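Descriptive structure summary
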Amino acid sequence: QPDEGEIILNGISMQKHPREAKAQFGYVPENAPLYLDMSVREHLKFRGRLQGISLKNLRTSVDEVLEKCALEGVRNRRIKSLSKGYRQRVALADALVGSPPIIILDEPTNGLDPHQIVAFRNLLVSLKKEHTLLVSSHILSEVEQIADKVIILNQGKVISCDHPSEIINNLRKVGEVNVELRGDLDFICEEIKNLPQVKRVTYVNENDKWLKLNVFSDTNSGTRASIANLVKKHNWELRTLNRNDINLEKAFVELTTD
């Protein structure tokens, strides 16, 4: 029970009608507990009976999730003989039995190989047409590809809630330029900081006397051209001068860093 507030799932109060509310979602934990000695089909039928699906509707429901999760080819195999990727599909099929409107997934691709990740991600995208998916994940490149809305949490508080592209665009108000050059570090930083559009200069590291700096400035303000003019003016040696495009992973770090 929450200390305050109320949990509403699909219009149903978790506190007032817990059984009805819990019937609104299926859950795929990070390490799904499966009955390994059962076949895929046996497991799904057993789980469907636990959820109260009538015998009349059980076969149809199991056949539907086997097709949705591309498990028809292994329906009669014991779960313990399946790969990690297929076991994760079985866990998802388990959550889909009875076709709940909401599916909650915790780190769903953890431990999968690259081929399995792509296949599972495509499966999730196809399920978005019929279900609301709530995915908890630290693989932000994956989140960026599948999510219609991203909620970023920091210390238990929501600090951003929007479409991935909007979160990224909001942070692009501050542009980032990567620079590698040779010269006196303090003098170089001071000269770049004095450019009117520059907000701050961060020293990253030095490798073979090449200084690596990150320059943050107003976007669309010609920062790279201004730095290039400084290079020419002071005869600095320049190796890199490029804009650093922001993705969701960088946005997350920026938003959750003091």
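Residues numbered from 1 in each chain as written. Predicted model: local features only at pLDDT ≥ 70, side-chain atom pairs only at ≥ 80, totals over all residues. Heavy atoms only, no water.

Evaluated as defined, the whole model comprises 2 aromatic pairs. Plain terms: the ring middles of Y35 and F46 are 5.4 Å apart, the flat faces sit at 80° to each other, and that makes the pair edge-to-face. One end of the pair, Y35, is in the loop between β3 (25–28) and α2 (40–50); the other, F46, is in helix α2, with 11 residues separating them in the sequence. Take F46: its relative accessible area is 25%, and that puts it in the partly exposed class. Each ring, one from F187 and one from W236, has its centre 6.3 Å from the other, and the planes form 85°; the classification is edge-to-face. In this pair, F187 sits in helix α8 (residues 185–193) while W236 sits in the loop between α9 (223–234) and β11 (237–243), placing the two residues 49 residues apart along the sequence. In this arrangement the basic side chain of R89 is found over the ring face of Y86, its NZ or CZ atom lying 6.0 Å from the centre. Above the face of the F216 ring, R200 is positioned so that its terminal group lies 3.9 Å from the ring centre. (Phe/Tyr/Trp six-rings, centres within 6.5 Å; stacked < 30°, edge-to-face > 60°. Helix = DSSP H or I, 4+ residues; strand = E, 2+ residues; numbered from the N terminus. Buried < 20%, exposed > 50% of the residue type's maximum accessible area, 1.4 Å probe, protein only. Lys NZ or Arg CZ within 6 Å of the ring centre and 35° of its normal.)

Okay, the sheet that holds β3 next. The strand order across the open sheet formed by 3 strands is β3-β4-β5, and the pairing between neighbours is parallel. The outermost strands of the open sheet, each flanked by one partner alone, are β3 and β5 (132–136). Averaged over all pairs of adjacent strands, the angle between strand axes in this sheet comes to 15°, irrespective of strand direction. Here strand β4 (residues 102–106) runs beside β5; their pairing, made up of 5 bridges, is parallel. The residue of β5 that forms the bridge with I104 is L134. Relative to β3, helix α4 (residues 84–96) is tilted by about 165°, and along the sheet it contacts β3 and β4. (Pairing = 2+ DSSP bridges. Axes fitted to C-alpha atoms, helices over the stretch in contact; angles between N-to-C directions. Contact = heavy atoms within 4.5 Å.)

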